[in-house]
Amino acid sequence: MLSLSAQLGMVVNNYPPLYHYTKDQFLADLLDSKSLLARPTSDFNDTDEYILGLKFIAEHLKLIYAGIHQDHKVIEFLISRLDQRLIKRVPKILEYVIANIEFEIANVSNPRVKVYVACLTTDPLSEKMRTEYGRCIIPFNFLLPFFAYSVPQPFTSSMLSRVTYSKAEFIAFISEMGFGFVDEFLHDAHIVLHQLSINDRINAVACWITERLCLFAPNIKRECYAYENEYRLKSSISTYSNTPNVPVRHPAHSMMHLPKIARFKDDAKSRYFHQLTDHMGNLISPGVMIATEGAGGLPAMVDEWERRNAADKEVFFRALGNT
């Protein structure tokens, strides 16, 4: 069995250092919550941003279904992972997925898959982003990708991934992001699926693929936003009733003290606190950067927070190294 440090390495190696910009008035609450505050796509300032990804997905799958676009990966992913009865129904599975995605496009304010998004960047020195999003910049340490895959109830999946500003690149990843995880689902849902009728099994697989594609949809933005160098931390809640209750599992659940119940900002669930704390209860950040002068009492507040947040970190990393 791999050590904890080895498993951590497998998760975090593909991610660069990431940062979150916030405004002065939100900094204290963010640090106190030890979380990133994620909002649903239906609450985006520009809801078309999420619909953009969904439309590209629907367009691509329709071309595959019609035999116009030869994206063999989608078919190969399905055929290599489905049993004989389901392989014959691959066109029907695609038909269901397309219908589900079109429902999400038409019902962005009341979706069946609600995706919550928190934004990060690889660029801590952007003057334009300081102007738009705030001058307080929170860097996260190497544990961020690991803790990003927390899936507390009622969420069904979570993902930290890079935003692209290219339609061609986005489409190239549809097969992997939407269909490449089918084997994990089938492994976890094997017993449940075989208790269902063939039609319900088709629907269950299609619904799960839909959930994955909806989680992927926020990964594209228009080219004019490329300066943001954005990564997105996304979590989804699915209400597809026929989908077996098999949330995405991740090594983090068995190795760390992650929350089992999600914490929302209000009863309307308009914001979700995606907790990012180590097992000592500290936010996984080495400190806060304040980009300009005239910060008032912010530096003193940050100094005090950094002093408290640093407590016991040496103990934590020593324990991690000896695991």
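Scroll up to find the structure.
Residues numbered from 1 in each chain as written. Predicted model: local features only at pLDDT ≥ 70, side-chain atom pairs only at ≥ 80, totals over all residues. Heavy atoms only, no water.

Caption draft 1: Main features of the side chain of T41. Here T41 shows up in the loop between β2 (35-40) and α3 (48-65). With relative accessibility at 3%, the residue T41 sits in the buried group. Residues in contact with T41, not counting those within four places in the same chain, are T47, Y50, V115, V117 and P218. (Helix = DSSP H or I, 4+ residues; strand = E, 2+ residues; numbered from the N terminus. Buried < 20%, exposed > 50% of the residue type's maximum accessible area, 1.4 Å probe, protein only. Contact = heavy atoms within 4.5 Å.)

Caption draft 2: Region of the structure containing the nonpolar core. I57, I101, F140, L160 and L213 are the most contacted members of the largest nonpolar core, which has 76 residues in total. With 10 residues, helix α12 (residues 198-216) is the largest single contributor of residues to this core. Excluding residues within four positions of it along the chain, L160 makes contact with Y15, L18, L120, L144, P145, A148, Y149, Y231, R232 and L233. (Core = buried A, V, L, I, M, F, W, Y, C linked by side-chain atoms within 4.5 Å.)

Caption draft 3: Representation of the layout of surface pockets within the structure. Within this model, the largest pocket holds a volume of roughly 1100 Å³. Taken together, 34 residues form the lining of the largest pocket, with H20, L37, R39, C119 and Y133 sitting closest to its centre. Counting residues per element, the ones that place at least two in the lining of the largest pocket are β1 (18-22), α2 (24-33), β2, β3 (113-121), α7 (127-133) and β6 (230-238). Its residues assigned to classes, the lining of the largest pocket shows 16 nonpolar, six polar and 12 charged. (1 Å grid on protein atoms, 1.4 Å probe; cavity = no way out; pocket = protein on both sides within 12 Å on 5 of 7 lines; lining within 4 Å. Points joined across faces, edges and corners; volume = space filled by probe spheres on them. Nonpolar A, V, L, I, M, F, W, Y, C, P; charged D, E, K, R; others polar.)

Caption draft 4: Just the pattern of salt bridges, in detail. The tally for this structure, following the rule as stated, stands at 10 salt bridges. Here E59 and K167 are joined by a salt bridge, their closest N and O atoms 3.0 Å apart. Of this pair, E59 sits in helix α3 while K167 is found in helix α9 (residues 167-172), placing the two residues 108 residues apart along the sequence. On the accessibility criterion, E59 (37% relative accessible area) is partly exposed. Take K167: its relative accessible area is 35%, and that puts it in the partly exposed class. Notably, a salt bridge pairs E228 with K221, separated by 2.7 Å at the nearest N-O pair. Exposure class is identical for E228 and K221. Each is buried. When salt bridges with common partners are traced through the structure, they connect E49, K221, E228, E230 and R232 into a single cluster. (Salt bridge = Lys/Arg side-chain N within 4 Å of Asp/Glu carboxyl O.)

Caption draft 5: Focus on the pairing of β3. Within β3, seven of the nine residues are buried, which leaves it mostly tucked inside the rest of the structure. Pairing of β2 with β3 involves two bridges; the strand directions are antiparallel. Residue pairing across strands places R39 opposite V117, the latter belonging to β3. Pairing of β3 with β6, which is carried by nine bridges, proceeds in the antiparallel orientation. Among the inter-strand pairings, V117 is bridged to a residue of β6, identified as K234. (Pairing = 2+ DSSP bridges.)

Caption draft 6: Molecular detail of the side chain of H20. The residue H20 is located in strand β1 in this model. A residue is classified by how much of its surface remains accessible, and H20, at 13% relative accessible area, is buried. A distance of 2.8 Å separates the side chain of H20 from the backbone oxygen of C119, its partner in a polar contact. Ignoring anything within four residues of it in the chain, the contact list for H20 reads L30, L36, C119, L120, C136, I137, I138 and F140. (Polar contact = N/O pair within 3.5 Å; in protein donor to acceptor, adjacent residues only side chain to side chain.)

Caption draft 7: Quick peek at the pairing of β6. For β6, the tally of buried residues reaches nine of nine residues, placing the bulk of the element in the interior. Because side chains alternate across β6, one face comprises the buried residues E230, R232, K234, S236 and S238, and the other comprises Y231, L233, S235 and I237, equally buried. Where strand β5 (residues 157-162) meets β6, six bridges bridge the pair, whose relative direction is antiparallel. Within the sheet, the bridge partner assigned to S157 lies in β6 and is S236.

Caption draft 8: Structural view of the environment of E59. Residues E59 and I171, 112 residues apart in the sequence, show an inter-C-alpha distance of 9.7 Å. Within polar-contact distance, the side chain of E59 engages the side chain of K167 at 3.0 Å.

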